[in-house]
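A look at the structure
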Amino acid sequence: MKSNFHLLFYIRKQKNYKGGAMPIYMRITVNGKRADMSAGRECEPAKWNSHAGRAIGTKEEIKSLNNYLDSLQSKVRDAHQALIDANQTITTESLLNQFTGKTQKSRYLMQLFTEHNAKVKALIGNGFEANTLKGYNTSEKHLTGYLQNEYGKTDIEISQLNHAFITGFEFYLKAECKISGVSAAKYIKHLKKIVNHCIANNWLKQNPFVNFKSSAKAKERTYLTQQELDAITNKKFVVERLVQVRDVFVFCCYTGLSYADVKKLRRNEIGIGMDGDKWIFTSRQKTDTSSRIPLLPVALTILNRYQDHPQCENKGLLLPVLSNQKMNAYLKEIADLSDVVKHLTFHLARHTFATTVTLSNNVPIETVSKMLGHTNIKTTQHYAKILDLKVSHDMAALKQKYAGI
């Protein structure tokens, strides 16, 4: 961003001044902010023109002093032009640093991204999960591809980040990488985190995201209807592994727990709630937020079924949970055998709890949000948007009223 500057030479009287020549100082002002430094010369007050900022006289020593001050002024102008040519933000500090040769350390986007990911890796299990790192690593890979494809570079100075860079990255993700809008928004969010880090450290003076707005729309959450959930719950399986996977899945349909949370759920996380009934008292692995869930009868029945299970007894766990990959593979088989045509994945259980089990049965959205461990109620509102059944229920009374008119 181009910004003009003002340069002033003046003489400054030192403390305990008793006469004689006074030191000349140079003041650079940009957007009302100023910085001063010594010009390295002196002048008698009687020979100084404060309005012109130069010495008065025709003697050779006066001419030499003024020529020196002119050369300083020329160098400041050159420094100002250099900042403009480099597309750098011009401030009193950056102009003074450019003039004195003390330029700020160049910082590069991919270098910062690599440093960020290394810190995330070091904190896995202590605030971050392996899947989180996987997402950041993918973002780093896509940014590297974009830089090579668009700029022919492996890295770029953060000062070069602008609105065009961000919109170009979004287009690259969708057009070249064939990534969905929602996934592209996630990778851009990771880039924004690095940008915010730079702004917080005063490495970037302007936010390149200021006029950027993602066009991605959240996907509709798929969930099981009560009829589909009952079909899976009541299906008789002869294979034990299918029974076990079905029970864990249904348990999560009635508690809202994610795969990671049910896998780590321990027996000591079941307690008595304020109503005298059994509750789950746990924290979400993803966000480390507390989650308190009253146990519904179906969920209690499943827990009782696995009280004496060897794997649960030995490890103090509530349920025998297989790997996520195996669970999802067996759920496809369970869906086929239960005549459920939807693509069944484990995370569908959490969506089913939010929609079919709670919101459809008039449980307030604030309560659902608390049980799901959401940090923002907007996340829970995504579920409320798709409940045609609830809309029908809420409008029934109004229909009756107008039917009598």
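It should be noted that the structure appears before, not after, this text.
Nothing here was measured: the structure is a model prediction, and the numbers come from that model.

Before going further, it helps to spend a moment on the overall build of the chain. Tallying secondary structure elements over the chain gives 16 helices and eight strands in all. The globule rule puts the C-alpha radius of gyration for 405 residues at 22 Å, and the 34 Å found for the chain is more than 25% above it. Seen along its three principal axes, the alpha-carbon backbone of the chain occupies a region of about 110 × 65 × 50 Å. Pairs at least 24 residues apart make up 57% of the contacts formed inside the chain by residues separated by at least 6 positions. Here the chain has roughly 23600 Å² of accessible surface; of this, 50% comes from carbon and sulfur atoms. Averaged over its 58 positive side-chain charges, the chain has a centre that lies 5 Å from the centre of its 35 negative ones.

Once that is clear, we can look at the sheet that holds strand 1 (residues 6-11). Strands sit in the order 1-2-3 across an open sheet of three strands; the sheet is antiparallel. The open sheet has two edge strands with one neighbour each: strand 1 and strand 3 (33-43). If you compare each strand with its neighbour and ignore which way they point, the axes differ by 20 degrees on average. Two elements, strand 2 (residues 22-30) and strand 3, share eight bridges in a ladder whose sense is antiparallel. Residue M26 lies in a different strand from strand 3, and its bridge partner there is M37.

Before going further, it helps to examine a nonpolar patch on the surface. Taken together, the side chains of M395, L398 and Y402 make up a nonpolar region of the molecular surface, amounting to roughly 300 Å² of accessible area. Note on placement: M395 falls in helix 16 (residues 388-403).

Our focus in this paragraph is the pattern of salt bridges. Summed over all chains, the structure comprises seven salt bridges. With its nearest N and O atoms 2.8 Å apart, the salt bridge here joins D36 to R27. Residue classification places D36 among the partly exposed positions, given a relative accessible area of 31%. Residues K174 and E170 are paired through a salt bridge, measuring 3.7 Å at the closest nitrogen-oxygen approach. On the criterion of helical spacing, the pair formed by K174 and E170 is a turn pair, its members being four residues apart in helix 5 (residues 163-175). Overall, K174 belongs to the partly exposed group, its relative accessible area being 31%. Judged by relative accessible area, E170 falls into the buried class, the value being 12%.

Under the counting rule described, the total for this entry stands at zero disulfides. The thiol of C252 is unpaired, and the distance to the nearest cysteine sulfur, on C253, comes to 7.4 Å. According to the relative accessible area criterion, C252 is buried, its value standing at 0%.

The phi torsion at K178 lies on the positive side, around 55 degrees, for a residue other than glycine. Among the residues examined, K178 registers a relative accessible area of 68% and is labelled exposed. Phi is positive for N202, close to 65 degrees, though the residue is something other than glycine. Locating N202 in the fold gives a position in the loop between helix 6 (181-200) and helix 7 (226-234).

With that settled, the discussion passes to the nonpolar core. Of all hydrophobic cores here, the largest spans 47 residues; its most connected members are F249, F251, V262, L319 and F346. Of all the secondary-structure elements, those providing two or more residues to this core are helix 7, helix 8 (240-253), helix 9 (259-263), helix 10 (297-305), helix 12 (324-337), helix 13 (348-358) and helix 14 (365-372). In terms of nonpolar packing, the next biggest core, distinct from the first, is built from 29 residues, F113, F169, I179 and C198 among them.

Thresholds applied
For every chain, the first residue of the written sequence is number 1, and numbering continues from 1 along that sequence. Local features in a predicted model are, by the rule used here, given only for residues with pLDDT of at least 70; side-chain atom pairs are given and counted only at 80 or more, and totals for whole chains, interfaces and linings are based on all residues. Based on all heavy atoms of the structure, the side-chain values leave hydrogens and waters out of the count. Secondary structure elements follow DSSP: runs of H or I of four or more residues count as helices, runs of E of two or more count as strands, with numbering from the N terminus. Note on method: radius of gyration uses C-alpha positions; expected globular size equals 2.2 Å times residues raised to 0.38. Working rule for contacts: check all heavy atoms of both residues, and any pair within 4.5 Å makes them a contact. Each accessible area is a Shrake-Rupley estimate made with a 1.4 Å probe; only the visible protein chains count as cover when residues are assessed. For the purpose of counting charges, residues Lys and Arg are taken to be positive, whereas Asp and Glu are taken to be negative. His and the chain ends are not included. Positions of charges follow a simple convention, taking NZ of Lys, CZ of Arg, CG of Asp or CD of Glu. Two strands form a pair only when DSSP identifies at least two bridges running between them. Between the N-to-C directions of two axes lies an angle of 0 to 180 degrees, each axis being a line fitted to C-alpha atoms and, for a helix, fitted only over the stretch in contact. Within this analysis, patches are made of residues with over 30% relative accessible area and no salt bridge. Like charges are joined at 9 Å or less; nonpolar side chains (Val, Leu, Ile, Met, Phe, Trp, Tyr) at 5 Å or less. Definition used for salt bridges: Asp or Glu carboxyl oxygen within 4 Å of a side-chain nitrogen of Lys or Arg. The buried label applies to any residue whose accessible area, calculated with a 1.4 Å probe on protein chains only, is under 20% of its type's maximum; exposed applies above 50%, and partly exposed to all values in between. By convention in this document, the label disulfide applies to cysteine sulfur atom pairs within 2.5 Å. Throughout, nonpolar core names a set of buried Ala, Val, Leu, Ile, Met, Phe, Trp, Tyr and Cys residues whose side chains join them through atoms within 4.5 Å.

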